[in-house]
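# Chain and residue survey
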Amino acid sequence: QVQLVESGGGLVQPGGSLRLSCAASGSIFGINVMGWYRQAPGNQRELVAKITSGGTINYGDSVKGRFAISRDNAKNTVDLQMNSLKPEDTAVYYCYVEILFRVYWGQGTQVTVSS
């Protein structure tokens, strides 16, 4: 079993910042990829950012230059620093990990960008 616990979501004004954190526990030996997806109402789930165990990072086009992902392999945590937030960033953000080609998801945390 793999457990993912997310924290850090909330309400922020446009232009503001938030930091999401995700901690993995359980049968987590050999985590390859850690990352974040998001899903807004009526939209498909989309990649926000991901990072491999070797440090290779990919960002979704809509967040490049504004968001930064980081990972602590010793603590099995992944963070997402979100800056210059826009109303269109409003969504439920899901942490995920890939272990031996299986994907595990967190429960999601709501991020709302509104004045």
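You'll find the structure just up there.
Okay, so let's go over this structure. Everything numeric here is computed off the predicted structure, so don't read it as measured data. (Residues numbered from 1 in each chain as written. Predicted model: local features only at pLDDT ≥ 70, side-chain atom pairs only at ≥ 80, totals over all residues. Heavy atoms only, no water.)

## As for the nonpolar core
- Ranked by internal contacts, the top residues of the largest apolar core, which has 29 residues, are Trp 36, Val 48, Phe 67, Val 78, Leu 80, Met 82 and Tyr 93.
- If you list the elements that add at least two residues to this core, you get β1 (2-7), β3 (18-26), β4 (31-39), β5 (46-52), β7 (67-72), β8 (77-82), β9 (91-99) and β11 (109-113).
- When residues in this core are grouped by element, the largest group, five residues, is from β9.
- In this structure, Val 78 is in contact with Leu 20, Ser 21, Cys 22, Met 34, Trp 36, Ile 51, Ile 69, Ser 70, Arg 71 and Cys 95, ignoring residues within four places of it in sequence. (Core = buried A, V, L, I, M, F, W, Y, C linked by side-chain atoms within 4.5 Å. Buried < 20%, exposed > 50% of the residue type's maximum accessible area, 1.4 Å probe, protein only. Helix = DSSP H or I, 4+ residues; strand = E, 2+ residues; numbered from the N terminus. Contact = heavy atoms within 4.5 Å.)

## Points about the pattern of salt bridges
- Taken as a whole and assessed by the stated rule, the structure comprises five salt bridges.
- Its salt-bridge partner being Asp 79, residue Arg 19 comes within 3.2 Å of it at the nearest N-O pair. A residue pair is termed long-range when its members are at least 10 positions apart, and Arg 19 in strand β3 and Asp 79 in strand β8 qualify at 60 residues.
- By relative accessible area, which is 17% here, Asp 79 ends up buried.
- A salt bridge links Asp 89 to Arg 38; the nearest nitrogen and oxygen atoms lie 2.9 Å apart. Of the two residues, Asp 89 is situated in the loop between β8 and β9 and Arg 38 in strand β4; the sequence distance between them amounts to 51 residues.
- For Arg 38, a relative accessible area of 4% corresponds to the buried category.
- Three or more residues joined by partner-sharing salt bridges are found here, namely Arg 38, Glu 46, Arg 66 and Asp 89. (Salt bridge = Lys/Arg side-chain N within 4 Å of Asp/Glu carboxyl O.)

## Points about the sheet that holds β7
- Taken together, the four strands give an open sheet; going across it, the order is β1-β3-β8-β7, and neighbouring strands pair in antiparallel fashion. The open sheet is flanked by β1 and β7, the only strands paired with a single partner. Direction aside, the axes of adjacent strands within the sheet are offset by 15 degrees on average.
- The sheet contact formed by β7 and β8 spans six bridges and is antiparallel. By the bridge assignment, Ala 68 is partnered in β8 with Gln 81. (Pairing = 2+ DSSP bridges. Axes fitted to C-alpha atoms, helices over the stretch in contact; angles between N-to-C directions.)

## Side note on the packing of aromatic side chains
- Across all of its chains, the model carries three aromatic pairs by this definition.
- Both rings, one in Tyr 37 and one in Tyr 96, keep their centres 5.3 Å apart while their planes meet at 75 degrees; by these two values the pair is edge-to-face. Of this pair, Tyr 37 sits in strand β4 while Tyr 96 sits in strand β9, placing them 59 residues apart in sequence.
- Owing to a relative accessible area of 23%, Tyr 37 belongs among the partly exposed residues under this scheme.
- An aromatic cluster is present here, built from Tyr 37, Tyr 96 and Trp 105 joined pairwise through their rings.
- It is Arg 45 that lies over the ring of Tyr 94; its NZ or CZ is 3.9 Å from the centre.
- The ring of Trp 105 has Arg 45 sitting right over it, with the charged end atom 4.6 Å from the ring centre. (Phe/Tyr/Trp six-rings, centres within 6.5 Å; stacked < 30°, edge-to-face > 60°. Lys NZ or Arg CZ within 6 Å of the ring centre and 35° of its normal.)

That's the geometry; what it means functionally is another story.
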